[in-house]
Amino acid sequence: MNIMVIGGGGREHAIIQKLKEDPRAEKIYALPGNGGMAGDAECVSIAATDIPGIVEFAKSHAVNFAVVAPDDPLVLGAVDALNEAGIPCFGPRKNAAIIEGSKAFAKNLMKKYGIPTAAYEVFDQLDEALAYVAACPLPTVVKADGLALGKGVLICETREAAREAVLSMMESRRFGESGTRVVIEEFLTGPEVSVLAFTDGEAVVPMTSSMDHKRALDGDKGLNTGGMGTVAPNPCYTAGMAERCMEEIFLPTIRAMKTEGRPFQGCLYFGLMLTANGPKVIEYNCRFGDPETQVVLPLLESSLLEVMLAVAEGRLAETEVRFSGKASCCVIMASRGYPEHYEKGFAITLPETGENERIYIAGAAQKDGQLVTNGGRVLGAVAVAESLPAAVQGAYALADKIHFDNAYCRRDIGRRALEAMGGTN
Ligand code: AMP
Ligand code: GLY
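Rules used in this analysis
- Residues numbered from 1 in each chain as written.
- Chains lettered and ligands numbered in written order.
- Predicted model: local features only at pLDDT ≥ 70, side-chain atom pairs only at ≥ 80, totals over all residues.
- Heavy atoms only, no water.
- Helix = DSSP H or I, 4+ residues; strand = E, 2+ residues; numbered from the N terminus.
- Buried < 20%, exposed > 50% of the residue type's maximum accessible area, 1.4 Å probe, protein only.
- Areas by Shrake-Rupley, 256 points an atom, 1.4 Å probe, with all protein chains shown as cover.
- Lys, Arg positive; Asp, Glu negative; His and termini not counted.
- Charge placed at Lys NZ, Arg CZ, Asp CG, Glu CD.
- Contact = heavy atoms within 4.5 Å.
- Polar contact = N/O pair within 3.5 Å; in protein donor to acceptor, adjacent residues only side chain to side chain.
- Pairing = 2+ DSSP bridges.
- Phe/Tyr/Trp six-rings, centres within 6.5 Å; stacked < 30°, edge-to-face > 60°.
- Axes fitted to C-alpha atoms, helices over the stretch in contact; angles between N-to-C directions.
- Near = heavy atom within 4 Å.
- Nonpolar A, V, L, I, M, F, W, Y, C, P; charged D, E, K, R; others polar.
- Core = buried A, V, L, I, M, F, W, Y, C linked by side-chain atoms within 4.5 Å.
- Salt bridge = Lys/Arg side-chain N within 4 Å of Asp/Glu carboxyl O.

**Q** What is the right way to look at the overall build of the protein chain in this model?
**A** Helix and strand counts for the protein chain come out as 13 helices and 23 strands. Principal-axis analysis of the C-alpha atoms places the extent of the protein chain at approximately 60 × 50 × 45 Å. When the 425 residues of the protein chain are sorted by exposure, 56% land in the buried category. With an accessible surface of roughly 17,300 Å², the protein chain has 49% of that area assigned to carbon and sulfur atoms. Across the protein chain, the centroid of the 41 positively charged side chains sits 2 Å from that of the 54 negatively charged ones.

**Q** Help me understand the environment of Glu186, please; the structure alone is not making it clear to me.
**A** Mapping Glu186 onto the fold places it in strand E9 (residues 182-186). On the basis of relative accessible area, Glu186 is assigned to the partly exposed category, the value being 36%. Remark: the alpha-carbon pair of Glu186 and Tyr338, spanning 152 residues in sequence, is separated by 30 Å. Leave out the neighbours within four places in its chain, and Glu186 touches Ala118, Ala119 and Val141. For Glu186, the side chain forms a polar contact with the main-chain nitrogen of Ala119, separated by 2.7 Å.

**Q** Quick question: what am I supposed to make of the pairing of strand E20 (residues 364-367) here?
**A** It is a general feature of regular strands that their side chains alternate between the two faces of the sheet. As judged from the four bridges shared by E20 and strand E21 (residues 370-373), these two strands associate in the antiparallel manner. In the sheet register, Ala364 faces E21, and the bridge partner there is Thr373. Here E20 folds back onto E21 in antiparallel fashion, the turn holding two residues, of which Asp368 has a positive phi close to 50°.

**Q** Quick question: what am I supposed to make of the packing of aromatic side chains here?
**A** Note on aromatic pairs: each is described by the distance of the centres and the angle between the planes. If you walk through the whole model with that rule in mind, you get eight aromatic pairs. On the basis of an interplanar angle of 80° and a centroid distance of 6.1 Å, the ring pair of Phe198 and Phe288 is categorised as edge-to-face. Of this pair, Phe198 sits in strand E10 (residues 192-199) while Phe288 sits in the loop between strand E17 (278-285) and helix H10 (293-296), and the two are 90 residues apart along the sequence. For Phe198, a relative accessible area of 0% gives the class buried. These aromatic residues form a ring-pair network of at least three members: Phe90, Phe198 and Phe288.

**Q** Is there a simple way to think about the sheet that holds E10 in this case?
**A** One open sheet accounts for four strands, arranged E11-E10-E16-E17; its pairing is antiparallel. Because the sheet does not close on itself, it has two edges, and the strands there are strand E11 (204-206) and E17. Between one strand and the next, the sheet's axes are offset by a mean angle of 35°, whatever the strand orientation. Pairing of E10 with E11 involves three bridges; the strand directions are antiparallel.

**Q** I keep staring at the site of ligand 2 and nothing clicks. Help me out?
**A** Near ligand 2 you find Asp212, Gly226, Tyr269, Asn285, Arg287, Gly289, Asp290 and Glu292, and these make up its full shell. Contact between ligand 2 and Asp212: a nitrogen atom at 2.9 Å from a side-chain N or O atom of the residue. Relative to its unbound accessible surface of 200 Å², ligand 2 loses 87% to contact with the protein. For the shell around ligand 2, the residue count by class is one nonpolar, three polar and four charged.

**Q** Help me understand the nonpolar core, please; the structure alone is not making it clear to me.
**A** Taken as a class, soluble globular proteins show a tendency for nonpolar side chains to be buried jointly. Grouped together as the largest cluster of nonpolar side chains are 51 residues, with contacts concentrated most on Met4, Leu82, Ile99 and Phe250. Looking at this core element by element, the count peaks at nine residues for helix H9 (residues 239-259). The next biggest cluster of nonpolar side chains, apart from the first, holds 42 residues, and it includes Val5, Leu196, Leu316 and Cys330.

**Q** Before we go on, may I ask you to explain the pattern of salt bridges in this structure?
**A** Any two side chains of opposite charge can pair if their charged atoms end up close together. In this structure the tally under the stated criterion is 26 salt bridges. For Lys107, the salt bridge goes to Glu185, with nearest N and O atoms at 2.8 Å. Taken together, the positions of Lys107 in helix H6 (residues 103-113) and Glu185 in strand E9 put the pair 78 residues apart, joining distant regions of the chain. You can call Lys107 buried: its relative accessible area is 4%. What you see here is one network of salt bridges that share partners, running through Asp22, Arg24, Glu306, Glu313 and Arg315.

Right under this line is the structure:
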């Protein structure tokens, strides 16, 4: 088969390496991919959002199957366009990707179908939003409705901060058109869990749970980032909690989308908070998380290609999706200064990897035959082990063998998880 993967980060590198394990995957194209994937896929410099370019490439290169990984092409309708051109895809159509594309849509869906989430109000008018934050309980959470690269969420401790947040989104358009409408919601507390799930619109199969580390600095300090590291499984997510989430959240969401005439096929990401009043949805994403994918897919024992084909063909219920029961940890190595200003172009040296180690490249390019840094998050160092403490140790041991100038990583990925286990590290 000729397979095309849309996207170019560490998540896509992990997807490509897993797809390659299936002997049916003869040729894999990455659009655009990145310089660090060159050994695993043929990178083609077509942007992930260039939908006509993607369709044209697929037709002219006899692509049999496409995996659309990032949020923006999904929300723009890449799957619809590819399907219309006769190319089967893994990923939701535009009318289902809206579950991530509009927070107001997601919140209204949850309210209508009784899916637990933070209490909220949606505002299109600036004066109404300002009147609301003048009296609402604090802290409060102000969110831009549309996609904002994970940055359109402001947690406000004071009334002044809430007012500023509303003004920055609705008046100054800090997040562009994403902030024309805002969602203002109740502040929740509790451990956060990421659960990625395969679904073909009928059956839903959750993958091993994980925990992201979104802040730039140790101790969950500093700015929000795309994710500085992950561990799987998430020790806060017990078997009992998994059962409860299936009944109260996962199945109701899949059924709700179907009832609304928006069946979701692909990977649905549930960002959950385990509050004192039970599990609640913080956000849905219409795709694999990054860097959750980098810890979850190495634990998948079944063929990813087979599972993705089953999702696209609506036969997930009859397909085996088996995870190893091991643990994994991903430490993101970033350019110092990320997520703000950083330099690029430094040579990267990579060690040989062992059977239980992976290096997924995110922000790198080839220059004169040398791999060089080319982004904020440069790569993920991943280790798989029998236990979470061993996986964390293994990921740091691997990271310590990777070198480039101005490299930065958090030193405490997994610490909270190990504490939750009553761990010894
Ligand atoms: P999101 O982009 O929706 O994932 O939000 C980013 C982060 O903001 C989440 O991972 C949470 O840590 C935090 N957050 C979002 N909504 C809430 C909420 N209602 N209460 C508390 N924290 C929240
Ligand atoms: N790691 C969070 C996300 O992919 O949005």
